[in-house]
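So the chains spell out like this:
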Amino acid sequence: MSSISTESTAFRAALDVVRAVEPRVADAIKQELADQRDSLKLIASENYASPATLLAMGNWFSDKYAEGTIGRRFYAGCQNVDTVEAVAAEHARELFGASHAYVQPHSGIDANLVAFWAVLAARVEAPALEKAQVRHVNDLTDADWATLRRALGDQRMLGMSLDAGGHLTHGFRPNISGKMFEQRSYGTDPASGLLDYDALRAAAHEFRPLIIVAGYSAYPRLVNFAKVREIAEEVGATLMVDMAHFAGLVAGKVLTGDFDPIPHAHIVTTTTHKSLRGPRGGMVLCQPELAEQVDRGCPMVLGGPLPHVMAAKAVALAEARTPEFRDYAQRIVDNSRALAEGLLSRGAKLVTGGTDNHLVLIDVSSYGLTGRQAEAALLDSGVVTNRNSVPQDPNGAWYTSGVRIGTPALTSRGLGTTEMDTVADLIHTVLENTAPGTTKAGTPSKATHVLDEKVAARVAGAATELLSGFPLYPNVDLG
Ligand SMILES: *Cc1c(COP(=O)(O)O)cnc(C)c1O
């Protein structure tokens, strides 16, 4: 076990070494910890990785090229990279009960690209090679290759709509996924705000997608993956689940049975730095029939793997296999529910009327505000959130009508349900005291807000006071 002196010594020594070369970077690193310690972090996609995870990244693994897979590299001297990649993959398989894990993706978006191309390779490219009776794309005639390239670019994907909580990488035009696939979206029922499985089924039957993507960044309820798999089977689609946001809840066995994506999806992607609390990165888990194609992620869409980050993934995944992590995952959801209750009891309006996971989506239109105004007023008061669309958002994706808040980070600091009620009170106090602002010319503006400085200062003070009881990285004293 690490102690105050071990962790402090490790980080202080590292900063001294950095400071000798570029003091501004050392100072920024130090200041970042101070700032994080002082802010009430409610960003649903952020967390605090353990010192062991952070320290596993800062070393000479960063110097290695290791294209290929474990034991089959295009570079010599990868025996130690093989060790860390194998340990990370083993922890991932055992933690999630998956038959195959690929831990090289550098981020969530990269994990999704690996998954899309694995499915395209298995379902479009492999049959074309078989038909032409060749083993490798290089052996196709120019005419057959041209036909295959067109086929690869002419596939369909059905994903959750952005304003219902889906993600840009699920086939939306500004992202490469939207340029690769013809996309259609499914959404939520306007009355309940809940995922509309009947509409999803109807869309799947009409559109006949190659891939159905389930998973979200801003949906506060559970998804029944067994039901989505049933729909995928009906239309012969591959089910891909992007659990980037809620992987920690899957790892911690809060999401089980129909709500655990692993047994139901053909392929699952995730980030490792959100509720899973690891280093920044991504990962793909899949059923055996896609394993070979997934392992071609590098060099298909990824550059050389980041061995130092894979080392940190191995450490974080080992942590996620402990009883403490299960307890942590349950507390994330308990806290999220308490936060929702606290807001509802003070009169706030929440999308779907509450939460079953790690996040809450406040519809701030009931306070007369746009998401942008609410986000800025909260930031003035030391509360860090992000604005987010609500279903059928009248203010669009830039100004929005919602604020998304999540509990993974504060739960890592040790705050509990009692503190969540206090946090709800701080948020409500800010929003209730904020008014829409005007432009310089005096016309109404969706971007500016008016908040009494005294209220902002009082809330910021209360937030600091609350956080002082829950020190962040308590074993790290940088002096
Ligand atoms: C965060 C997120 C991603 C992207 O992860 P990055 O690591 O930022 O690339 C992809 N999908 C979903 C659902 C996410 O929430």
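Quick caveat, the model's predicted, so the values are computed rather than measured.

Student: Hey, could you go over the environment of Glu7 for me, with residue numbers and the actual values?
Tutor: Among the secondary structure elements, Glu7 is positioned in helix 1 (residues 4-19). Classification of Glu7 by relative accessible area gives buried; the value is 8%. Taking C-alpha positions, Glu7 is 9.4 Å from Leu55, a pair spaced 48 residues apart along the chain.

Student: Give a detailed account of the pattern of salt bridges, specifying residues and quantitative values.
Tutor: Where charged atoms from two side chains of opposite charge approach closely, those side chains can pair. Applying the stated criterion across every chain, the model contains 21 salt bridges. Between Asp327 and Arg331 there is a salt bridge, and its shortest N-O distance comes to 3.1 Å. With Asp327 and Arg331 both in helix 14 (residues 323-345), this residue pair falls 4 residues apart, about one helical turn. Assessed through its relative accessible area of 43%, Asp327 is described here as partly exposed. For Asp421, the salt bridge goes to Arg346, with nearest N and O atoms at 3.1 Å. Within this pair, whereas Asp421 is found in helix 18 (residues 417-432), its partner Arg346 is found in the loop between helix 14 and strand 11 (359-363), the two being separated by 75 residues in sequence.

Student: Any details on the domain arrangement of the chain? Residues and values, ideally.
Tutor: Often, the extent of an interface is quoted as the loss of accessible area on bringing the components together. Segmentation of the chain into domains returns domain 1 (61-320) and domain 2 (323-467). Placing a centre on the C-alpha atoms of domain 1 and another on those of domain 2 gives a separation of 31 Å. Between domain 1 and domain 2, the residue contacts involve 27 residues of the former and 26 residues of the latter. Between domain 1 and domain 2, roughly 2200 Å² of surface is buried when both sides are summed, and carbon and sulfur atoms account for 58% of that area. For the interface between domain 1 and domain 2, the tally reads 1 salt bridge. Between Asp356 and Arg221 there is a salt bridge, with the nearest N and O atoms lying 3.3 Å from each other. Summed over the shared surface of domain 1 and domain 2, the result is 12 residue pairs in polar contact (both at pLDDT 80 or more). Only helix 10 (247-251) and helix 13 (307-320) provide two or more residues apiece to the side of domain 1 that touches domain 2. Sorting elements by how many residues they give to the side of domain 1 that touches domain 2 places helix 10 first, with 3 residues.

Student: Quick rundown of the pairing of strand 14 (residues 402-406)? Include the residues and the values.
Tutor: Counting buried positions along strand 14 gives 5 out of 5 residues, so the element sits mostly inside the fold. Side chains Gly402, Arg404 and Gly406 project from strand 14 onto one buried face, and the interleaved Val403 and Ile405 project onto a second face that is buried too. Pairing geometry for strand 11 and strand 14, over 5 bridges, is antiparallel. Across the sheet, Leu361 pairs through a bridge with Arg404, a residue of strand 14. In this structure, strand 13 (residues 386-388) lies alongside strand 14, joined through 3 bridges in antiparallel fashion. Opposite Asn386, over in strand 14, you have Arg404 as the bridge partner.

Student: Tell me what's going on with the site of the ligand, and back it up with residues and numbers.
Tutor: Around the ligand there are 14 residues in total, and Gly108, Ile109, Ser217, Asp242 and Lys274 lie nearest to it. Here an oxygen atom of the ligand and a side-chain polar atom of Ser107 are 3.3 Å apart. The side chain of Ser217 places a nitrogen or oxygen atom 2.8 Å from an oxygen atom of the ligand. Calculation on the ligand without its partners gives an accessible area of 390 Å², and the protein chains cover 84% of this total. Sorting elements by how many residues they give to the shell around the ligand places helix 5 (residues 108-132) first, with 3 residues.

Student: Can you lay out the packing of helix 15 (residues 371-380) against helix 18 for me, pointing to particular residues and giving the numbers?
Tutor: When two helices pack together, their arrangement is given by the angle between the helix axes and the distance between those axes. Where helix 15 meets helix 18, the closest approach of the two axes is 9 Å, and the angle between their N-to-C directions is 120°. Judged by the inter-axis angle, helix 15 sits oblique to helix 18. For the element pair helix 15 and helix 18, the recorded crossing hand is right-handed. The segment helix 15 lies against helix 18, with Ala374, Ala377 and Leu378 engaging Ile427, Val430 and Leu431.

Student: Talk me through the UniProt feature "modified residue: N6-(pyridoxal phosphate)lysine" (unreviewed entry) in the chain; I want residue IDs and the actual numbers.
Tutor: UniProt marks Lys274 with the feature "modified residue: N6-(pyridoxal phosphate)lysine" (unreviewed entry), using the numbering shown here. Relative to the helices and strands, Lys274 is located in the loop between strand 9 (267-271) and strand 10 (282-286). Not counting chain neighbours up to four residues away, the residues in contact with Lys274 comprise Ser45, Asn47, Ala244 and His245.

Student: For the sheet that holds strand 14, give the residues involved together with the corresponding values.
Tutor: Taken together, the 3 strands give an open sheet; going across it, the order is 11-14-13, and neighbouring strands pair in antiparallel fashion. At either margin of the open sheet sits one strand with a lone partner, and together these are strand 11 and strand 13. With strand direction ignored, the average angle separating the axes of adjacent strands in the sheet is 35°. Taken strand by strand, helix 14 contacts strand 11 and strand 14, and its axis lies near 20° from that of strand 11.

Student: Outline the UniProt feature "domain: Serine hydroxymethyltransferase-like" (unreviewed entry) in the chain, listing residues and values.
Tutor: The UniProt record annotates "domain: Serine hydroxymethyltransferase-like" (unreviewed entry) at residues 20-126 and 154-427. For residues 20-126, helix accounts for 56% and strand for 8%, while the C-alpha atoms at its two ends are 54 Å apart. Annotated as 41% helix and 17% strand, the span residues 154-427 places its first and last C-alpha atoms 47 Å apart.

Student: Before we move on, can you summarise a nonpolar patch on the surface with the specific residues and values?
Tutor: Together, Val18, Val25 and Ile29 give the surface a local cluster of nonpolar side chains, amounting to about 210 Å² of exposed area. Locating Val25 in the fold gives a position in helix 2 (residues 23-38). Take Val25: its relative accessible area is 42%, and that puts it in the partly exposed class.

Student: Before we move on, can you summarise the state of the cysteines with the specific residues and values?
Tutor: A full pass over the atoms with the stated rule returns 0 disulfides. Of the cysteine sulfurs around Cys78, a residue in no disulfide, the closest is that of Cys298, at 11 Å. In this model Cys286 remains outside any disulfide bridge; the closest cysteine sulfur is found in Cys298, 16 Å from its own. In this structure Cys286 comes out as buried when scored by relative accessible area, which is 4%.

Student: Explain the side chain of Asn224 to me, and be specific about the residues and the numbers.
Tutor: Its place among the elements puts Asn224 in the loop between strand 7 (211-215) and helix 9 (225-235). The class of Asn224 is buried, set by a relative accessible area of 13%. Within the structure, Asn224 has its side chain in polar contact with the backbone nitrogen of Ala226 (distance 3.1 Å). At 2.9 Å, the side chain of Asn224 forms a polar contact with the backbone nitrogen of Lys227. In this view, Asn224 contacts Tyr197, Asp258 and Phe259; residues no more than four positions away in its chain are not counted.

Rules behind the numbers
Residues numbered from 1 in each chain as written. Predicted model: local features only at pLDDT ≥ 70, side-chain atom pairs only at ≥ 80, totals over all residues. Heavy atoms only, no water. Helix = DSSP H or I, 4+ residues; strand = E, 2+ residues; numbered from the N terminus. Buried < 20%, exposed > 50% of the residue type's maximum accessible area, 1.4 Å probe, protein only. Salt bridge = Lys/Arg side-chain N within 4 Å of Asp/Glu carboxyl O. Domains from an automatic or database assignment. Contact = heavy atoms within 4.5 Å. Buried area = accessible area lost by both parts, 1.4 Å probe. Polar contact = N/O pair within 3.5 Å; in protein donor to acceptor, adjacent residues only side chain to side chain. Pairing = 2+ DSSP bridges. Near = heavy atom within 4 Å. Areas by Shrake-Rupley, 256 points an atom, 1.4 Å probe, with all protein chains shown as cover. Axes fitted to C-alpha atoms, helices over the stretch in contact; angles between N-to-C directions. Parallel < 35°, antiparallel > 145°, perpendicular 65-115°, else oblique. Left-handed = near helix turned anticlockwise from the far one by under 90°. UniProt positions renumbered as here; feature names shortened; annotations may be inferred. Patch = residues over 30% accessible without salt bridge, like charges linked within 9 Å, V, L, I, M, F, W, Y side chains within 5 Å. Disulfide = S-S within 2.5 Å.

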